[in-house]
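Each chain, written out:
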Amino acid sequence: MTDIPVSAVSNETIVATYDWLAKAYDWFIAPMQTGTRKRALNLLAIESGEQILEVGCGPGHALTALARHVGPTGHVIGLDAAPRMVERARHRSKRKGMTNRIDLLRGDARSLPIREGTTDVAFIEDTLELFSPGEMHTVINEIKQVLEPDGRLGVVTMERADSENDPFVQTYDWMFDHVPGYERVGCRPVYARRALEEGGFEIERQERHRRWGVWPAEILIGKLA
């Protein structure tokens, strides 16, 4: 099993990068994630009235979909560390008429400002791979703490296991090593399933997809073991 290339910059620098990229991410990247996002939310089988937390909500594309799933008696919290991402998510929830079901928080996934055991479902999309392996375990533990005992977790990420020789993964690794400044985006494929299992989750469903025929994405649905 090869090592994960780790960014030499801090998570705070990575946050600043995505804050700067918020508009471009909203317009160009988030729409490319639509298919895997929709599939992951369907697999989570969210019910009316549930309490949902999205960690790394970005510009809020998943939040409004989650709000529709939970209905008028449910509630969704979106958390992101980048101020401009939170602001775009706030505008989107207002535009979609979902502000009564969605709360937006600016915060750090490594220290969630959520009471323990109060969340039915946690969702984290294309965010785990922004953290170093050690920080990723911290994020997973934080999610574990806020979930109710029968809580569920949905993850969309770039899984490194069995993809070490994938051209897309190899290109990512090459860019980390050779493209000046690329490490500021912090994003690289990770051993997500292994980290979730080590963090106390049992994986109930795993699917591998390829966005636009190029970008590999893994959907992991887990519950507390």
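Structure's up top.
The structure presented is a predicted model; accordingly, all values stated were derived computationally and were not measured.

Rules used in this analysis
- Residues numbered from 1 in each chain as written.
- Predicted model: local features only at pLDDT ≥ 70, side-chain atom pairs only at ≥ 80, totals over all residues.
- Heavy atoms only, no water.
- Helix = DSSP H or I, 4+ residues; strand = E, 2+ residues; numbered from the N terminus.
- Buried < 20%, exposed > 50% of the residue type's maximum accessible area, 1.4 Å probe, protein only.
- Axes fitted to C-alpha atoms, helices over the stretch in contact; angles between N-to-C directions.
- Parallel < 35°, antiparallel > 145°, perpendicular 65-115°, else oblique.
- Contact = heavy atoms within 4.5 Å.
- Nonpolar A, V, L, I, M, F, W, Y, C, P; charged D, E, K, R; others polar.
- Pairing = 2+ DSSP bridges.
- Salt bridge = Lys/Arg side-chain N within 4 Å of Asp/Glu carboxyl O.
- Left-handed = near helix turned anticlockwise from the far one by under 90°.

Visitor: Is there a simple way to explain unusual backbone geometry in this structure?
Guide: With the exception of glycine, most residues fall at negative phi, and the peptide bonds are largely trans. Unusually for a residue other than glycine, Asp 162 sits at a positive phi of about 65 degrees. Relative to the helices and strands, Asp 162 is located in the loop between strand 5 (147-157) and helix 7 (167-178). According to the relative accessible area criterion, Asp 162 is exposed, its value standing at 75%. One non-glycine residue with positive phi stands out, namely Trp 212, at about 55 degrees.

Visitor: Hey, could you run me through the environment of Ile 221 in this one?
Guide: Residue placement: Ile 221 occurs in strand 7 (residues 215-224). According to the relative accessible area criterion, Ile 221 is buried, its value standing at 6%. Sequence separation between Ile 221 and Thr 138 is 83 residues, and the spatial gap between their C-alpha atoms is 19 Å.

Visitor: Honestly, the packing of helix 2 (residues 22-32) against helix 5 (residues 83-95) in this entry has me stumped. Any pointers?
Guide: The axes of two packed helices give the description: the angle between them and the distance between them. One can describe the packing of helix 2 onto helix 5 by two numbers: an axis separation of 8 Å at closest approach and a directional angle of 50 degrees. Considering their axes alone, helix 2 and helix 5 lie oblique with respect to each other. Counting all contacts with helix 2, which are made through Ala 22, Lys 23, Tyr 25, Asp 26 and Trp 27, the residues of helix 5 involved are Arg 84, Met 85, Arg 88 and Arg 92. Residues belonging to the contact of helix 2 with helix 5 are distributed by class as follows: 4 nonpolar, no polar and 5 charged.

Visitor: Explain the sheet that holds strand 2 (residues 75-80) to me, please; I cannot follow it from the model alone.
Guide: Each strand in a sheet pairs with another by means of backbone hydrogen bonds, the pair being arranged parallel or else antiparallel. Taken in spatial order, the 7 strands of this open sheet run 3-2-1-4-5-7-6, and their pairing is mixed. Since the sheet does not close on itself, it has two edges, and those belong to strand 3 (102-106) and strand 6 (201-211), each with one partner. Across the sheet, the axes of successive neighbouring strands diverge by a mean angle of 15 degrees, strand direction being ignored. Along the sheet face, helix 3 (residues 34-44) touches strand 4 (119-125), strand 5, strand 6 and strand 7 and points at about 15 degrees away from the line of strand 7.

Visitor: Would you mind showing me how to read the pattern of salt bridges here?
Guide: Two side chains with opposite charge may pair up if their charged atoms get near one another. Summed over the entire model, instances satisfying the criterion amount to 17 salt bridges. Between Arg 37 and Glu 125 there is a salt bridge, with the nearest N and O atoms lying 3.1 Å from each other. Taken together, the residues Arg 37 in helix 3 and Glu 125 in strand 4 connect sequence positions 88 residues apart. One exposure class covers both Arg 37 and Glu 125, and it is buried. Glu 87 is the salt-bridge partner of Arg 90, the closest N and O atoms lying 3.3 Å from each other.

Visitor: Looking at this model, I keep getting lost on the packing of helix 3 against helix 4 (residues 61-70). Mind explaining?
Guide: The N-to-C vectors of helix 3 and helix 4 enclose an angle of 30 degrees; their axes lie 11 Å apart at closest approach. Put simply, helix 3 runs roughly parallel to helix 4. Handedness of the crossing formed by helix 3 with helix 4: right-handed. Mapping the contact onto sequence places Arg 37, Leu 41 and Asn 42 in helix 3 and His 61, Ala 62, Ala 65, Leu 66 and His 69 in helix 4. When the residues that make up the contact of helix 3 with helix 4 are grouped by side-chain class, the tally is 4 nonpolar, 3 polar and 1 charged.

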